[in-house]
Amino acid sequence: MFNKVAVPVMSILVFLGLWELLVWANGWPNYKMASPSDLPPAFWQYRDLFLIMGWQTLWRTVVGLLLAVVFGTLLGMIIGFSRVARDALYPLLVGFNAVPKATLVPVIALLFIGQHDFNTVLMAFMISFFPIAVSVGIGLSTLEPEYRDILRALGASNFTIFRKIALPKTLPEFFGALKVAATLAFIGTNLVEIVSPHGRGLGALFKSGETNGNYPLMFAVLIALAVLGIVLYYAVVFLEKIFAGWAERAPG
Amino acid sequence: MGGPDRTGGIEIENLIEIKGVKHAYATASGPLPVLDGLDVAVPKGTFAAVVGPSGCGKSTLTRLVAGLMKPDEGQVYLHGELVKGPRKTVGMAFQNPVLLEWRTILENVILPLEIVATRMSRADRVARAMDLLDMVGLTGFENKRPSELSGGMRQRASLCRSLVHKPEVLIMDEPFGALDAFTREDLWQTMRDLRRAEPFTTVLITHDLRESVFLGDQVIVLSGRPARTQYVMPVDLPEDRTLDVLYTPKVADMLHILRDQIKIAQGRHEGAH
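Below is a summary of the structure that appears in this document. What you see is a predicted model, and the numbers here were worked out from it, not measured in a lab.

Section: the overall build of chain B
Phase 1: If you tally the helices and strands in chain B, you get seven helices and eleven strands.
Phase 2: Compactness check: chain B gives a C-alpha radius of gyration of 19 Å against a globular reference of 19 Å for 273 residues, within 12% of the reference.
Phase 3: With the C-alpha coordinates of chain B rotated into their principal frame, the extents come out at 55 × 50 × 40 Å.
Phase 4: Counting the 273 residues in chain B, one finds 53% classified as buried.
Phase 5: Within chain B, counting contacts between residues at least 6 apart in sequence, those at least 24 apart form 68% of the total.
Phase 6: Accessible surface, chain B: about 12100 Å² in total, of which carbon and sulfur atoms supply 51%.
Phase 7: The average position of the 33 basic charges and that of the 35 acidic charges among the side chains of chain B differ by 4 Å.

Right, here's the structure in full:
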C-alpha cells in the first residue's frame, strides 16, 4: 500500500523538481516557460473558473465517452459476428479514423452552429469509439469455436452464448480499449474547446490565457487537464478491477 | 431406419446410428470431401472409440452427432430419431478444456444446467456438481479459478461439465490429447469409473490406440480423407479393466491389427515401400 501511493507521489515530486530546475538554470522568464512555482498563484487566482470550466470539460468528455462505449460496442458486435459486415465496414472505419479530427472541428461547427455542448460531445465521441469497436470486434471474432459449441450443442440461443461467454470473454480487451478511448475523448473535447472556443471548458481557459499572454495560466490549465485525464483513467481501471479482475494473473 | 437393429436374433438398441454419411466443405479451391460413406452404430450405454489418420474428418463426425451441422448425404439418428439440430441430451468435451476463466471450477461445471435445467434449484445444481467433482477427485478445488489448476485437473473439470446435465450421449474429441502420458492414464481410469457410476453412451475421437482399446467397447477405424468406415473391432475385454490389461498378449494382438489398419488408412501398407 505504501508503495502504491508513495512511489507515484515521489515520481511526481521529482518531475516537478526537475522542471523547476530546468527553468531556473536557463533563467527563462515565465512568458517563455512557466515553472511549477508559478502555478499555485495561477490556480488560486482563477479557482472559480477552473472549477466551472473543468467541470464543463469533464462532463462533456464523459458523455462523449459513454456514447462511444454504447456505439463502439454495438459496432464491435456487428463486425465481430458478421464477416460480411466486417469486410464492408473496416475500410470505412479505418478511413474515418485516419482523418485528423482537428479538420472536422470547423465542419461540425458549421453543421450545428451554436450547439457548443453538442459539438464537443460529438467530437469526444467520434475520436474515441474506434478503439472500442475494433477491440470488441476482434474479441468476438477470435472466440474459439469450442467455446461456442459447448453451449450451442445444448441448444442455447445466440443471445445466451453472447451473454454467458462472448461478452465476459471480451471484457479484458474492452477495458484495454476503454483506457485508450478515455484519453482520446479528452483530446476530442479540448480540440473543440480550443479550435472553436465558446468560452466553455478548460480549452477555452487555455485560449484566453494565450490571448492575454498569461503563461502561468496556460501551464496551469495543462496541469489541470493532466489531472482530469489521470482521474478518468483510474476510474476506468477501477471499473476494470470490478468487472474483469479475473483476467489479472497473480504476480509471480 | 434407425431404431432396433436385428443382429442374429438379438435386439440391440443403437442409441447412435450413422448411415451412409457423406459431407464436403466448401473451400476457395472447390468442395473438399471429408466424409464419404461413414457408418457407425453405437448400442446404448456402450463406448465407441474412433481412430483414423490426422485430418480425416473425425471432428466433423463429432459435430454431426452433436447436431451442430447436417451432412450433405446420409442420416444421423439418436434413439432412432433423425438428428435435425442440437439437443439437450448431449455433452461435449474437447482437447482444449475451454473452461471459462471468469468462473470458478464449480460455476464452470454448473454452466450447462443454467441452459438445460433452468428450473433446477441452486442447491441441487451445486450438489450435483460437487458429486461429480468428488468422483473425479477435484473436491477442495471447486472455488479455484481454472488458471490455478494443472492441465489434467482442468480436463477433469471439463469432463464434469460435459456430464453434469446427465446427457445420454457424451462426445469427446481427443480430450486427453494434450496431456502427458501418466496424466492421460490417470484420466482413462477416471473415465472408466465415471462410466460405472453414470449411464451414458460415448463417442471418443482419439489418436491413441491404447486409449481406444482401454476405454472402448468397439474401435472404429476411419480411412484417410475422405473418410469412410474402414474397420470395426469389437473389444472383448472385461468391463472393469485395469491398466495391466494393456500389457496382455491379447491386447498386443489387437493393437497390432489396429496399427495395420491405420497404416492402410494412411495409404502406407506394410511392405509398400
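Brief notes about the packing of aromatic side chains
Residue and element names in this part refer to chain A.
Phase 1: Applying the stated rule across the entire model yields 13 aromatic pairs over all chains.
Phase 2: Taking 5.4 Å as the distance between ring centres and 75 degrees as the angle between the ring planes, the aromatic pair formed by Phe-71 and Phe-125 counts as edge-to-face. Here Phe-125 lies in helix α6 (residues 116-141) and Phe-71 lies in helix α3 (residues 47-81), a separation of 54 residues in the sequence.
Phase 3: Judged by relative accessible area, Phe-125 falls into the buried class, the value being 15%.
Phase 4: Look at Tyr-233 and Tyr-234: their rings are 5.4 Å apart centre to centre, the planes differ by 80 degrees, and that puts the pair in the edge-to-face class.

A word on the sheet that holds strand β7 (residues 90-94) of chain B
Residue and element names in this part refer to chain B.
Phase 1: Judged by pairing direction, the sheet is mixed, and its six strands sit side by side in the order β7-β8-β9-β4-β10-β11 without closing on themselves. Every other strand in the sheet has two partners, leaving β7 and β11 (229-234) as the edge strands with one partner each. Neighbouring strand axes in the sheet, compared pairwise and without regard to direction, differ in orientation by 15 degrees on average.
Phase 2: The sheet contact formed by strand β10 (residues 218-222) and β11 spans five bridges and is antiparallel. Residue pairing in the sheet places Ile-220 in a bridge with Val-232 of β11.
Phase 3: Where helix α7 (residues 249-265) meets the sheet, it contacts β4 (47-51), β10 and β11, and its direction lies at approximately 175 degrees from that of β11.

Some words on the interface of chain A and chain B
Phase 1: The partner chain B presents 25 residues to the 17 residues of chain A that form the contact.
Phase 2: Taking both partners together, chain A and chain B bury about 1900 Å²; carbon and sulfur atoms supply 71% of that area.
Phase 3: Counting across the interface, chain A meets chain B through two salt bridges.
Phase 4: On inspection of chain A and its partner chain B, the count reaches two residue pairs in polar contact (both at pLDDT 80 or more).

A short note on helix α2 (residues 105-116) of chain B
Phase 1: Burial within α2(B) is extensive, with ten of its twelve residues counted as buried.
Phase 2: Among all positions of α2(B), only Ile105(B), Leu106(B), Asn108(B), Val109(B), Ile110(B), Leu111(B), Pro112(B), Leu113(B), Glu114(B) and Ile115(B) are buried.
Phase 3: Looking at the buried residues of α2(B), the elements they touch are α7 (145-152) and α8 (158-195) of chain A together with α3 (122-135) and α4 (151-163) of chain B.

Procedures and definitions
- Once a new chain begins, its residue numbering starts again from 1 and follows that chain's sequence as written.
- Chains carry letters and ligands carry numbers; both start at the beginning, A for chains and 1 for ligands, and go up in the order they are written.
- In view of the model being predicted, local features appear only for residues whose pLDDT reaches at least 70, and side-chain atom pairs are presented and counted only at 80 or more, with totals across whole chains, interfaces and linings using the full set of residues.
- Water and hydrogen atoms play no part in the side-chain values, which are based on all heavy atoms of the structure.
- Counting from the N terminus, the helices are DSSP H or I runs at least four residues long and the strands are E runs at least two residues long.
- The reference for a compact globule is 2.2 Å times residues^0.38; the radius of gyration itself is calculated from the C-alpha atoms.
- In this scheme, a residue with accessible area under 20% of its type's maximum is buried, one over 50% is exposed, and one in between is partly exposed, where area comes from a 1.4 Å probe on protein chains only.
- Contacts are assigned to residue pairs with any non-hydrogen atoms lying within 4.5 Å of each other.
- Residue-level accessible areas treat just the shown protein chains as cover; the underlying method is Shrake-Rupley with a 1.4 Å probe.
- The sign given to each residue is positive for Lys and Arg and negative for Asp and Glu; His and the chain ends receive no count.
- Working definition for charges: the position is that of NZ of Lys, CZ of Arg, CG of Asp or CD of Glu.
- Stacked, edge-to-face and tilted are the three classes for Phe, Tyr and Trp ring pairs, Trp counted by its six-membered ring, which pair at centre distances within 6.5 Å; planes under 30 degrees apart are stacked, over 60 edge-to-face, the rest tilted.
- For two strands to be treated as a pair, DSSP must find no fewer than two bridges joining them.
- Between N-to-C directions, angles span 0 to 180 degrees; the directions come from axes that are lines fitted to C-alpha atoms, helices contributing only their stretch in contact.
- Joining two parts hides part of their accessible area as seen by a 1.4 Å probe, and the buried area is that hidden amount summed over both.
- By definition here, a salt bridge exists when the distance from a side-chain nitrogen of Lys or Arg to a carboxyl oxygen of Asp or Glu is within 4 Å.
- The term polar contact refers here to a pair of N or O atoms within 3.5 Å; inside protein, the definition further demands a hydrogen-donor-capable atom paired with an acceptor-capable atom, and it admits residues adjacent in sequence only when both atoms are side-chain atoms.

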